[in-house]
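# Residue-level structure breakdown
One-letter residues, chain by chain:
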Amino acid sequence: MRQQRGNIPLIFLLAVLGVTLVGGGFFLGQKRQPAEKTIMPQTVLPTPTATPLLPSPTDTVQLTPTSTPVQAVKTVVVFEAEGAISTEDKSRLQQKVVAPYLDYQRDLNGEGYVISLTISPNIGANKTNYPYQAKAIFKNGGYEGFVVTKDGGGIDWWLPECMGPCPFSANFKAKYPEIIAKFP
């Protein structure tokens, strides 16, 4: 019997220690949890309604249509690294690439279709035969890129890449016979 009496304080001590640890852990766990969010109800105020003022039967209302002039959209032409493009090449690029390209796109797709056209020196491996590159951005979000050839020291004419017969307008044919001559 004596041995059992010695174990009672030890069992009691272990029980108190266990309750303390469990209670302390529970208390610390409660402290570490984020506080609950309280949602405050919002008060909705009624919106006052306005009564529209109506003309009296004796008032006369006259509507006069007005026309707003439509401003033509100009294509932005950019020569990147302009100092790297000689004055002669820039002039030839304007005459033989930029103008016919923009005219062709305008005839095919309407005014303002090309938003911007950028001409820059070609830094690719083919820069000897194609010293310049062009990038066009269209109003529908599309874009196009092409390289510009230079043979015999001069800039070549821009040529459309058509599948089948190219749709050239009468104005384009009259303005650019050098391009038309390259198409049967």
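The paragraphs below set out a description of the structure included in this document.

Rules used throughout
Numbering of residues starts from 1 in every chain and runs along the sequence as written. Given that this is a predicted model, residues contribute local features only at a pLDDT of at least 70 and side-chain atom pairs are listed and counted only at 80 or more, while totals for whole chains, interfaces and linings are drawn from all residues. Calculated side-chain values reflect all of the structure's heavy atoms, with hydrogen atoms and water omitted. Criterion used throughout: strands pair if DSSP finds at least two bridges between them. Runs of E in the DSSP output that reach at least two residues are strands. Runs of H or I that reach at least four are helices, and both are numbered from the N terminus. Note on method: axes are straight lines fitted to C-alpha atoms, helices fitted across the in-contact stretch only, with angles between N-to-C directions ranging 0 to 180 degrees. Note on contacts: a residue pair qualifies if any of its non-hydrogen atoms lie within 4.5 Å across the two residues. We define the nonpolar core as a collection of buried residues of types Ala, Val, Leu, Ile, Met, Phe, Trp, Tyr and Cys that are connected through side-chain atoms lying within 4.5 Å of one another. Think of it in three bands: with a 1.4 Å probe and only protein chains considered, a residue is buried below 20% of the maximum accessible area for its type, exposed above 50%, and partly exposed in between. Geometry of aromatic contacts follows a simple scheme: Phe, Tyr and Trp rings, the Trp one being its six-membered ring, pair when their centres are within 6.5 Å, and the pair is stacked under 30 degrees between planes, edge-to-face over 60, tilted otherwise. Each reported salt bridge corresponds to a side-chain nitrogen of Lys or Arg within 4 Å of a carboxyl oxygen of Asp or Glu. In this analysis, the expected span of each helix is defined as 1.5 Å times one less than the number of residues it contains. Bend, in this description, refers to the angle at a residue between axes fitted to the seven residues ending there and the seven starting there.

### Examining the sheet that holds strand 4 (residues 143-148)
If you trace the four strands from one edge of the open sheet to the other, you get 1-2-3-4, paired in mixed fashion. In this open sheet, the two edge strands, each paired with only one partner strand, are strand 1 (76-79) and strand 4. The sheet shows a mean angle of 15° between the axes of neighbouring strands, taken without regard to direction. Taken together, the seven bridges between strand 2 (residues 114-121) and strand 3 (residues 132-138) define a ladder with antiparallel strand orientation. Each residue of the ladder has a partner; that of Val-114, found in strand 3, is Phe-138. Sitting on the sheet, helix 2 (residues 87-109) touches strand 1, strand 2, strand 3 and strand 4, and the angle it makes with strand 2 is about 150°.

### Comments concerning the nonpolar core
Core analysis: the largest hydrophobic core is formed by 26 residues, its most contacted members being Leu-93, Val-97, Tyr-101, Leu-117 and Ile-119. For this core, the secondary-structure elements that each account for two or more residues are helix 2, strand 2, strand 3 and strand 4. Top element by residues in this core is helix 2. It accounts for six residues. The residues touching Val-97, leaving out its near neighbours within four places in the chain, are Arg-92, Ile-119, Phe-146, Val-148, Ile-155, Asp-156 and Trp-158.

### Concerning the packing of aromatic side chains
Scanning the entire structure with this criterion turns up 10 aromatic pairs. Taken together, Tyr-101, Tyr-104, Phe-146, Trp-157, Trp-158, Phe-168, Phe-172, Tyr-176 and Phe-183 form an aromatic cluster joined through their ring pairs.

### Some details on the pairing of strand 3
Judged by which residues are buried, strand 3 turns out to be one-sided: Tyr-132, Ala-134, Ala-136 and Phe-138 face inward and are buried, whereas Gln-133, Lys-135 and Ile-137, on the alternate face, are not. Here strand 3 hands over to strand 4 after four residues, with Gly-141 in that stretch at a positive phi of 95°.

### Focus on the environment of Cys-166
Among the secondary structure elements, Cys-166 is positioned in the loop between strand 6 (154-155) and helix 3 (170-175). Taking the C-alpha atoms as reference points, Cys-166 and Pro-184, separated by 18 residues in sequence, lie 9.9 Å from one another. Residues contacting Cys-166, with those up to four places away along its chain left out, are Tyr-104, Pro-160 and Phe-183.

### Some words on the side chain of Ser-116
Mapping Ser-116 onto the fold places it in strand 2. Accessibility expressed as a relative area gives 15% for Ser-116, which makes it buried. Sequence-distant contacts of Ser-116, that is, excluding residues within four places in its chain, are made with Thr-75, Val-76, Lys-135, Ala-136 and Ile-137.

### Focus: the pattern of salt bridges
Scanning the model with the defined rule gives four salt bridges in all. One salt bridge in this structure joins Asp-103 and Arg-106, with 2.7 Å as the shortest N-O distance. Of this pair, Asp-103 and Arg-106 are both found in helix 2, three residues apart, which corresponds to roughly one turn of the helix. With relative accessibility at 34%, the residue Arg-106 sits in the partly exposed group. Taking the shortest distance from any N to any O, the salt bridge between Lys-175 and Asp-103 comes out at 2.9 Å. Of this pair, Lys-175 sits in helix 3 while Asp-103 sits in helix 2; the two residues are 72 residues apart in sequence, bridging distant segments of the chain. Overall, Lys-175 belongs to the partly exposed group, its relative accessible area being 48%.

### Things to note about the side chain of Asp-89
Residue placement: Asp-89 occurs in helix 2. Sequence-distant contacts of Asp-89, that is, excluding residues within four places in its chain, are made with Tyr-132, Lys-150 and Ile-155.

### What about helix 2?
Helix length check: helix 2, at 23 residues, gives a terminal C-alpha distance of 31 Å against a target of 33 Å (1.5 Å per residue), a fit within 8%. Where helix 2 bends most, the angle comes to about 40°, and this point is Gln-94. Taken residue by residue, helix 2 has Asp-89, Leu-93, Lys-96, Val-97, Val-98, Pro-100, Tyr-101, Leu-102, Asp-103, Tyr-104 and Gln-105 as its buried positions. Following helix 2 by one or two positions, Gly-110 adopts a phi angle in the positive range, close to 100°.

Everything listed here is a matter of geometry and, on its own, says nothing about what the molecule does.
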